[in-house]
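# Structural characterization, general
So you can see what is in the structure, the chains are spelled out below.
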Amino acid sequence: MLSQSAKDGFDTLLMQSLKSSLTPSGEHSEVMVVSADEADAIADSQIVVLTVSSYLFRAMVMFYFTPNDDTRAHFARLNHLDAETMNEQTFMDAIAEGGNLCCGILNRDLGNFFPHIGMSTPNVIDKHCASYLQKLNCEHVQHFAIEMPQSPRFFVSLCVSAYADIDFEVDANTVASETGELELF
Amino acid sequence: MAQILVVDDSSTVRAEVGDFLKKNGFDITLAVDGRDGLTKLKGDASIKLVVSDVNMPNMDGLTMAEKIRSELGNTHVNIIMLTTENSPLMKERGKAAGIKGWIVKPFKGEAVLSSFKKLVDG
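Residues numbered from 1 in each chain as written. Chains lettered and ligands numbered in written order. Predicted model: local features only at pLDDT ≥ 70, side-chain atom pairs only at ≥ 80, totals over all residues.

### Things to note about the overall build of chain B
On a plain count of helices and strands, chain B comes out with five helices and five strands. Listing each helix as α and each strand as β along chain B from the N terminus yields β-α-β-α-β-α-β-α-β-α. In summary, chain B has a C-alpha radius of gyration of 13 Å against a globular reference of 14 Å for 122 residues, a match within 12%. (Helix = DSSP H or I, 4+ residues; strand = E, 2+ residues; numbered from the N terminus. Rg over C-alpha atoms; globule rule 2.2 N^0.38 Å.)

### Focus: the overall build of chain A
When you go through chain A residue by residue, the secondary structure sums to four helices and eight strands. Along its sequence from the N terminus, chain A presents helices and strands in the succession α-β-α-β-β-α-α-β-β-β-β-β. Computed over C-alpha atoms, the radius of gyration of chain A comes to 16 Å, within 12% of the 16 Å expected from 2.2 N^0.38 for 185 residues, which places it in the range of a compact globule. Each principal axis of the C-alpha atoms in chain A carries an extent, and together these give about 50 × 45 × 25 Å. A burial count over chain A gives 38% of its 185 residues as buried. For chain A, restricting intrachain contacts to residue pairs at least 6 apart in sequence, the fraction spanning at least 24 positions comes to 70%. (Buried ≥ 20, exposed ≤ 12 C-beta atoms within 10 Å, placed from the backbone. Contact = placed C-beta atoms within 7 Å.)

### Examining the interface of chain B and chain A
At the junction of the two partners, chain B supplies 25 residues and chain A supplies 22 residues. Looking at the side of chain B that touches chain A, the elements that each hand over two or more residues are helix H1 (11-23), strand E5 (101-104) and helix H5 (109-121) of chain B. When residues of the side of chain B that touches chain A are assigned to their parent elements, the largest contribution, five residues, is made by H1 of chain B. In terms of residue class, the side of chain B that touches chain A is made up of eleven nonpolar, nine polar and five charged. Relative to E5 of chain B, strand E8 (residues 182-184) of chain A runs antiparallel, the two being bridged by three bridges. (Nonpolar A, V, L, I, M, F, W, Y, C, P; charged D, E, K, R; others polar. Pairing = 2+ DSSP bridges.)

### Side note on unusual backbone geometry
The step from Lys105 of chain B to Pro106 of chain B runs through a cis peptide bond, and the omega angle for that step is 10 degrees. Not every positive phi belongs to a glycine, and His80 of chain A is a case in point at roughly 55 degrees. With respect to the helices and strands, His80 of chain A occurs in the loop between helix H3 (69-78) and helix H4 (88-110). Owing to 16 C-beta atoms within 10 Å, His80 of chain A belongs among the partly exposed residues under this scheme. The backbone of Asn58 of chain B shows a phi angle near 70 degrees, a positive value even though the residue is not glycine. Inspection of the secondary structure puts Asn58 of chain B in the loop between strand E3 (49-52) and helix H3 (61-70).

### Remarks on the pairing of E5 of chain B
Residue and element names in this part refer to chain B. Across the two faces of E5 the burial is the same, with Gly101 and Ile103 and Trp102 and Val104 all buried. For strand E4 (residues 78-83) and E5, the ladder comprises four bridges, and the chain directions are parallel. Along E5, the bridge assignment pairs Met81 with Trp102. In this view, the connection linking E4 to its parallel neighbour E5 by way of helix H4 (residues 88-96) has right-handed handedness. (Right-handed = clockwise from strand over helix to strand, strands pointing away.)

### Comments concerning the sheet that holds E4 of chain B
Taken in spatial order, the six strands of this open sheet run E8(A)-E5(B)-E4(B)-E3(B)-E1(B)-E2(B), and their pairing is mixed. A strand with exactly one partner marks an edge of an open sheet, and here the two such strands are E8 of chain A together with strand E2 (28-31) of chain B. Strand-to-strand, the axes of this sheet are offset by a mean angle of 20 degrees, without reference to chain direction. In the sheet, strand E1 (residues 4-7) of chain B pairs with E3 of chain B via four bridges, with the strands oriented parallel. Across the sheet, the residue bridging to Val6 of chain B is Val51 of chain B, located in E3 of chain B. (Axes fitted to C-alpha atoms, helices over the stretch in contact; angles between N-to-C directions.)

### Thoughts on the nonpolar core
With 49 residues, the main nonpolar core has Leu14, Val61, Phe63 and Val156 of chain A as its most contacted residues. Mapped onto this core, the elements with two or more residues apiece are helix H1 (4-22), strand E2 (46-53), strand E3 (57-65), H3, H4, strand E6 (140-147) and strand E7 (154-162) of chain A. Ranked by residue count, the leading element in this core is H4 of chain A, at ten residues. Ignoring sequence-local partners within four residues, the contact set of Val61 of chain A consists of Leu14, Leu50, Cys103, Val156 and Leu158 of chain A. Of all hydrophobic cores here, the second largest spans 32 residues; its members include Leu21, Leu49, Val50 and Phe107 of chain B. (Core = buried A, V, L, I, M, F, W, Y, C linked by C-beta atoms within 7 Å.)

### Considering the confidence of the model for chain B
With 99% of its residues at a pLDDT of 70 or more, chain B shows a mean pLDDT of 93. As a predicted assembly, this complex carries a pTM of 0.86 together with an ipTM value of 0.88. (pLDDT = per-residue confidence, 0-100.)

### Side note on the packing of H4 of chain A against H1 of chain B
Interaxial distance between H4 of chain A and H1 of chain B falls to 7 Å at its minimum, and their mutual angle equals 95 degrees. Classified by the angle between their axes, H4 of chain A and H1 of chain B sit roughly perpendicular to one another. Seen from H4 of chain A, the contacting residues are Gln89, Thr90, Asp93, Ala94 and Glu97 of chain A; seen from H1 of chain B, they are Ser11, Thr12, Val13 and Ala15 of chain B. Here the residues of the contact of H4 of chain A with H1 of chain B are counted per class, giving three nonpolar, four polar and two charged. (Parallel < 35°, antiparallel > 145°, perpendicular 65-115°, else oblique.)

Right under this line is the structure:
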């Protein structure tokens, strides 16, 4: 069973990782919780799905997207690539890498509380697959939107299944660890 | 003839890292997983630095690093891991395999450029 503090902790860590991973450098973004009704109305056609799990829980993160020019432009800016030269494969890889980066951050941050933790590789599925989520018996489902001035509004769903009593507390003011620096051995 | 081998299963990361390094004067070659990385390194004695992801299909980056030292007997090439992982256990395994350093993604080229130059020139 997940405590309320643990549910809040999953939400806080995912919101922080969304902001870090999906915002192109130098741009501003806002991440917010959205209602289940709003999530039901998501018009995007596809989902990148990843899981972060330990023997105590499984957190499934779903990134909704529509493969159009606006999405292409966003992920090109995010990855310092030229949108014009991105073919379909590199476009889909860029979206998947966005999910991978986000869950990588979530995985690292959850690792502070759960030492034995791992994450999946990204998979792209049709949005209609989301209808089967209830089969997972998730104890905590939350939906988020990320807004940036020059990009489409992206939606993300978090579904957590617990296999034991889980309680941890996240300090929302904790500064994220440094990334991108070379740590020499 | 390449100076840096970039190993990542994501074409996005290969393009981002590869383009940055090329723009900064490095000769590079790309590999899609650890197995491909081993083959490319075996066939090009000029490679001075390997920049590799950890989690990849077919062969992960840490296994590749171990095989570079053991199977290829290459003890001089510098190996850097570029990964979303930051687990102390993985870093210890990397150190045991003789890797030179660790970068937590996302890749920020300017932050590592001077170190890469030293590792290639040294």
